[in-house]
Amino acid sequence: MSAGILFGNRLLDVAAISCLSAQFYKVFFPVFKGRKPQWGRLIQTGGMPSSHASTVVSLATGVFFIKGAASIEFAISMVFAGIVLYDATGIRRQAGKHAKALNTLIEAIEHREGIEIINEKFKELLGHTPREVFWGTVLGIMLSFLFKRYILG
């Protein structure tokens, strides 16, 4: 495989493009609702579509193009993708729900008692809904097919 343009690796290039595409969508999606772009979303986790999903799925799809479904490399990339997708919809999503509950509880106690328990809120948008992961997966596959000739060199 010849060298890629960004990182010297075509698979890594497409995975990065896939990740950035999902993040840029999050930045500009509010524009379609009449709001301003949310530049902070460029580096934040959570939301639609899942950049975690688009990144690992584009990587696995690229490995499939190069090495085939029976290769060890494809098996490794699929297991890796499965773990990331499970983590995004399971563990990280639950952690976000816990953070939301804690923030609500702390706010109620602080309001009632007039004391400050912590001086910052816990981050609530950590994981993804299955829908967000699904569309991130679709984005990753689509971008891999779009860049298939580039991946194959």
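Our subject is the structure listed above.
Below is a short write-up of the structure. Quantities reported herein were computed from a predicted structural model and do not represent experimental measurements.

All right, on to the overall build of the protein chain then. A count of helical and extended segments in the protein chain gives six helices and zero strands. Taken against the 2.2 N^0.38 rule, which gives 15 Å for 153 residues, the C-alpha radius of gyration of the protein chain at 19 Å runs more than 25% over that of a compact globule. Taken along the three principal axes of its C-alpha coordinates, the protein chain extends 65 × 35 × 25 Å. A burial count over the protein chain gives 35% of its 153 residues as buried. Here the protein chain carries 17 positive and 10 negative side-chain charges, and the mean point of each set is 13 Å from the other.

Locating I141 in the fold gives a position in helix 5 (residues 130–146). Once the C-alpha coordinates of I141 and I117 are considered, the two residues, 24 residues apart in sequence, prove to be 45 Å apart.

Time to look at the packing of aromatic side chains. Following the criterion strictly, the structure yields nine aromatic pairs and no others. Aromatic pair F28 and W39: ring centres 5.2 Å apart, planes at 85 degrees, arrangement edge-to-face. Of this pair, F28 sits in helix 1 (residues 10–28) while W39 sits in the loop between helix 1 and helix 2 (51–67), and the two are eleven residues apart along the sequence. A centroid spacing of 6.4 Å and a plane angle of 75 degrees characterise the contact between F147 and Y150, whose relative ring orientation is edge-to-face.

Its 18 residues give helix 3 (residues 72–89) an end-to-end C-alpha distance of 26 Å, which sits within 8% of 26 Å, the value for a rise of 1.5 Å per residue. Buried within helix 3 are the following residues: F74, S77, A81, V84, L85 and A88. For helix 3, the angular spread of the buried residues around the axis is 95 degrees, confining them to a single face. Facing away from the buried side of helix 3 by over 90 degrees, the exposed positions are I72, I76, V79, I83 and Y86.

Along the chain, the position of K26 falls in helix 1. No salt bridge forms around the buried K26; measuring N to O, its nearest opposite-charge neighbour E132 is 7.4 Å away. Those residues within four positions of K26 in sequence are excluded, and the remaining contacts are R41, Q44, G46, G47, M48, P49, S51 and H128.

Right, let's talk about the nonpolar core for a bit. The nonpolar side chains of a soluble globular protein tend to be buried, and buried together. Core analysis: the largest hydrophobic core is formed by eight residues, namely A53, V56, V57, A81, V84, L85, A88 and V133. Where this core is concerned, the elements lending two or more residues are helix 2 and helix 3. In terms of nonpolar packing, the next biggest core, distinct from the first, is built from seven residues, L11, V14, V63 and F65 among them.

The next thing to look at is the packing of helix 2 against helix 3. Two numbers describe how helix 2 lies on helix 3: the axes approach to 9 Å, and their chain directions differ by 170 degrees. On the basis of the axis angle, helix 2 is roughly antiparallel to helix 3. Viewed along their axes, helix 2 and helix 3 form a crossing whose handedness is left-handed. Packed against helix 2, whose contacting residues are H52, A53, V56, V57, L59, A60, V63, F64 and K67, the element helix 3 presents E73, F74, S77, M78, F80, A81, V84 and L85 at the interface. When the residues that make up the contact of helix 2 with helix 3 are grouped by side-chain class, the tally is 13 nonpolar, two polar and two charged.

Thresholds applied
- Residues numbered from 1 in each chain as written.
- Predicted model: local features only at pLDDT ≥ 70, side-chain atom pairs only at ≥ 80, totals over all residues.
- Heavy atoms only, no water.
- Helix = DSSP H or I, 4+ residues; strand = E, 2+ residues; numbered from the N terminus.
- Rg over C-alpha atoms; globule rule 2.2 N^0.38 Å.
- Buried < 20%, exposed > 50% of the residue type's maximum accessible area, 1.4 Å probe, protein only.
- Lys, Arg positive; Asp, Glu negative; His and termini not counted.
- Charge placed at Lys NZ, Arg CZ, Asp CG, Glu CD.
- Phe/Tyr/Trp six-rings, centres within 6.5 Å; stacked < 30°, edge-to-face > 60°.
- Expected span 1.5 Å × (residues − 1).
- Arc of directions from axis to C-beta.
- Salt bridge = Lys/Arg side-chain N within 4 Å of Asp/Glu carboxyl O.
- Contact = heavy atoms within 4.5 Å.
- Core = buried A, V, L, I, M, F, W, Y, C linked by side-chain atoms within 4.5 Å.
- Axes fitted to C-alpha atoms, helices over the stretch in contact; angles between N-to-C directions.
- Parallel < 35°, antiparallel > 145°, perpendicular 65-115°, else oblique.
- Left-handed = near helix turned anticlockwise from the far one by under 90°.
- Nonpolar A, V, L, I, M, F, W, Y, C, P; charged D, E, K, R; others polar.

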